[in-house]
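# Coordinate inspection notes
Below are the chains, spelled out letter by letter.
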Amino acid sequence: MANQKYDYLIVGSGLFGATFAHLAHKQGKKCLVIDKRSHLGGNIYCENIEGINVHKYGAHIFHTSNKKVWEFVNSIVEFNRYTNSPVANYKGKLYNLPFNMNTFYQMWGVTTPEEAQAKIDEQKRAYNEELKIKNEELGLTNEPHNLEEQAMLLVGKDIYERLIKGYTEKQWGRKCTELPAFIIKRLPVRLVFDNNYFNEKYQGIPVGGYNKLIDGLLEGIETKTDVDFFADSFETVSVDTIRLKDEWQKIADKLVFTGKIDEFYDYQFGKLNYRTVRFETEVIDKPNSQGNAVVNYTEREVPYTRVIEHKHFEMFGQEVYDNPKTVISKEYSTEWKDGMEPYYPVNDDANSQLYAKYKALADKEEKVIFGGRLAEYKYYDMAPIIEKVLEKYNK
């Protein structure tokens, strides 16, 4: 390794890359982290606007039941007490999420778990009979054949039509009757008055925002932004200029890659598909716009899926009013095209089979480690990413 300056070249400074670099650095390994964006942190990067940490690439709420993961992130930066309790707005009427006794009281006026369960069961039975007749007439098997039928069998008509249908159609860009039933395996129903969206033991936001977490993870590690692994050249210690993609082994012993796996292999089997999100962010001249961090808009006619009011992630009580301005972001689900930011994998048969071909190539790599949602073509919350890095690095 006489000419190799680094033990690891890490492509991407998101949570996978930053956590891997942190663990390697602690063990005395020399790392270089590069990112094609102008900032570090990947999609958890926050932009400070009017003294408010704005989640530039969508709301990120850390939640886990893994004590080791929770202790690990809190060893980097303290986390606050934020609890995710979203609200749904359907035609101007508000409903608490997830589906719980508050939701059922708002929807039907029921006040006991027995009344709520009876109402749900009544609607499920009615739809089951309706679907049975429909399937018999069409000569189909007596099972749900699309997402709408699946959801109605799970929770009945009212919850589906007010809180699921429009939101889901906006997310996927097609009707629920055109979406496969397997997308919704289950719809949790809580017969308690509990608006906490997550069931995990721990949740919160880093005090001072996610940039504090990334800065802590990458402390003491060499980083370079505005560097495209696929397009840019790089000057080595000996002042030779190399093309990173083709000659990275001249500067590092191993590569950690967190970008798109199909791009790494020059799309030789074809391009994987993604879903993406577009944001409209605006500053509002009032201290409190919607009174909650997350409000979902569940009717189809409202073009955005939800509105995020960022200050509520980190400001509580009087702190909300100490800052006279607030920042909101409207989220629009959009069909992904080349050049757009890839957010979510499309887990249908065609894309799963295509990814399997790329994974077979990746599994043969001895000096390349693939990790994260783009490199593994898999949706991850933040905590499982950290858990995965801890496991992968300690192997």
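This write-up is about the structure you can find in this document. (Residues numbered from 1 in each chain as written. Predicted model: local features only at pLDDT ≥ 70, side-chain atom pairs only at ≥ 80, totals over all residues. Heavy atoms only, no water.)

Moving on, we get to the packing of aromatic side chains. Under the counting rule described, the total for this entry stands at 27 aromatic pairs. Both rings, one in Tyr82 and one in Phe313, keep their centres 5.2 Å apart while their planes meet at 70 degrees; by these two values the pair is edge-to-face. Separated by 231 residues along the polypeptide, Tyr82 in the loop between α2 (67-76) and β6 (87-90) and Phe313 in the loop between β15 (306-309) and α10 (318-322) bring together distant segments of the chain. One exposure class covers both Tyr82 and Phe313, and it is buried. When the centroid spacing of 5.4 Å and the interplanar angle of 75 degrees are considered together, the rings of Tyr274 and Tyr377 count as edge-to-face. Residue Tyr274 is found in strand β13 (residues 274-284), and its partner Tyr377 is found in the loop between β18 (368-370) and α12 (382-394); the two are separated by 103 residues along the sequence. Each member of the pair, Tyr274 together with Tyr377, is buried. In this structure, Arg37 is placed above the aromatic ring of Tyr57, and the distance from its NZ or CZ to the ring centre is 3.9 Å. (Phe/Tyr/Trp six-rings, centres within 6.5 Å; stacked < 30°, edge-to-face > 60°. Helix = DSSP H or I, 4+ residues; strand = E, 2+ residues; numbered from the N terminus. Buried < 20%, exposed > 50% of the residue type's maximum accessible area, 1.4 Å probe, protein only. Lys NZ or Arg CZ within 6 Å of the ring centre and 35° of its normal.)

What follows deals with helix α7 (residues 210-217). For α7, the full list of buried residues reads Tyr210, Leu213, Ile214, Gly216 and Leu217. Projected down its long axis, α7 carries its buried residues within an arc of 160 degrees, all on one side. (Arc of directions from axis to C-beta.)

One simple way to see leftover space: roll a probe sized like a water molecule over the atoms. The space that makes up the second largest pocket amounts to roughly 530 Å³. Lining the second largest pocket are 22 residues, and of these Asp363, Val368, Ile369, Phe370 and Lys392 lie nearest its centre. Of all the elements in the fold, those that place two or more residues in the lining of the second largest pocket are α11 (349-362), β18 and α12. Per element, the largest residue contribution to the lining of the second largest pocket is 4 residues, and it comes from α12. Residues of the lining of the second largest pocket, tallied by class, amount to 10 nonpolar, no polar and 12 charged. (1 Å grid on protein atoms, 1.4 Å probe; cavity = no way out; pocket = protein on both sides within 12 Å on 5 of 7 lines; lining within 4 Å. Points joined across faces, edges and corners; volume = space filled by probe spheres on them. Nonpolar A, V, L, I, M, F, W, Y, C, P; charged D, E, K, R; others polar.)

Taking 1.5 Å per residue as the helical rise, helix α4 (residues 113-138) with its 26 residues ought to reach 38 Å, and the 37 Å between its terminal C-alpha atoms agrees with that figure. Along α4, the residues that are buried comprise Ala116, Ile120, Gln123, Tyr127, Leu131 and Asn135. Just downstream of α4, Gly139 is the residue with a positive phi angle, here 70 degrees. (Expected span 1.5 Å × (residues − 1).)

Bringing the pattern of salt bridges into the picture now. Under the defined criterion, the tally for this structure stands at 18 salt bridges. Residue Asp194 pairs with Arg190 through a salt bridge whose shortest N-O separation is 3.7 Å. You can call Arg190 buried: its relative accessible area is 13%. The partner of Glu280 in a salt bridge is Arg278, with the nearest N and O atoms 3.1 Å apart. Overall, Glu280 belongs to the partly exposed group, its relative accessible area being 35%. When salt bridges that share partners are traced, they join Lys5, Glu222 and Lys224 into one network. (Salt bridge = Lys/Arg side-chain N within 4 Å of Asp/Glu carboxyl O.)

Time to look at the pairing of strand β3 (residues 46-49). Here β3 runs beside strand β4 (residues 52-55); their pairing, made up of 4 bridges, is antiparallel. Its bridge partner being in β4, Ile49 is matched across the sheet by Ile52. Remark: 2 residues form the turn of the hairpin made by β3 and β4, two consecutive strands paired antiparallel; Glu50 in that turn has positive phi of roughly 55 degrees. (Pairing = 2+ DSSP bridges.)

Assignment of secondary structure puts His63 in strand β5 (residues 62-64). Taking relative accessible area as the criterion, His63 reaches 8% and is therefore assigned buried. Within the local environment of His63, its side chain forms a polar contact with the side chain of Glu200, the two groups lying 3.2 Å apart. Leave out the neighbours within four places in its chain, and His63 touches Phe198, Glu200, Tyr202, Gln203, Asp381 and Ala383. (Polar contact = N/O pair within 3.5 Å; in protein donor to acceptor, adjacent residues only side chain to side chain. Contact = heavy atoms within 4.5 Å.)

Here Pro180 lies in the loop between α6 (157-172) and β8 (202-204). Taking the C-alpha atoms as reference, Pro180 lies 30 Å from Phe370; in sequence the two are 190 residues apart. Each residue touching Pro180, except ones within four places of it in the same chain, is listed here: Asn146 and Leu147.

Quick look at the sheet that holds β13 now. Reading across the sheet, the 7 strands line up as β7-β6-β14-β15-β16-β13-β17 and stay open at both edges, with mixed pairing between neighbours. Only two strands of the sheet have a single partner each, and these edge strands are β7 (93-96) and β17 (344-345). Relative to strand β16 (residues 326-335), β15 is paired through 4 bridges, and the arrangement is antiparallel. In the strand pairing of β16, Arg306 is matched with Glu331.

As a packed pair, helix α1 (residues 15-26) and α12 sit with axes 9 Å apart at the nearest point and diverge in direction by 35 degrees. Where α1 crosses over α12, the two elements pack in a sense that is right-handed. Residue-level contacts link Leu15, Phe16, Thr19, Phe20, Leu23 and Ala24 of α1 to Met382, Ile385, Ile386, Val389, Leu390, Lys392 and Tyr393 of α12. (Axes fitted to C-alpha atoms, helices over the stretch in contact; angles between N-to-C directions. Left-handed = near helix turned anticlockwise from the far one by under 90°.)

Sheets are built from strands that pair by backbone hydrogen bonding, the pairs being arranged parallel or antiparallel. An order of β9-β2-β1-β12-β18 is seen for the 5 strands of this open sheet, with the pairing classed as parallel. Here the strands that pair on one side only, and so sit at the sheet edges, are β9 (222-225) and β18. Averaged over neighbouring strand pairs, the angle between their axes works out to 20 degrees when direction is ignored. In terms of strand pairing, strand β1 (residues 6-11) meets strand β2 (residues 31-35) through 4 bridges, oriented parallel. Residue pairing for β2: Val11 is matched across the bridge by Ile34.

Any functional reading would require information beyond the geometric quantities listed.
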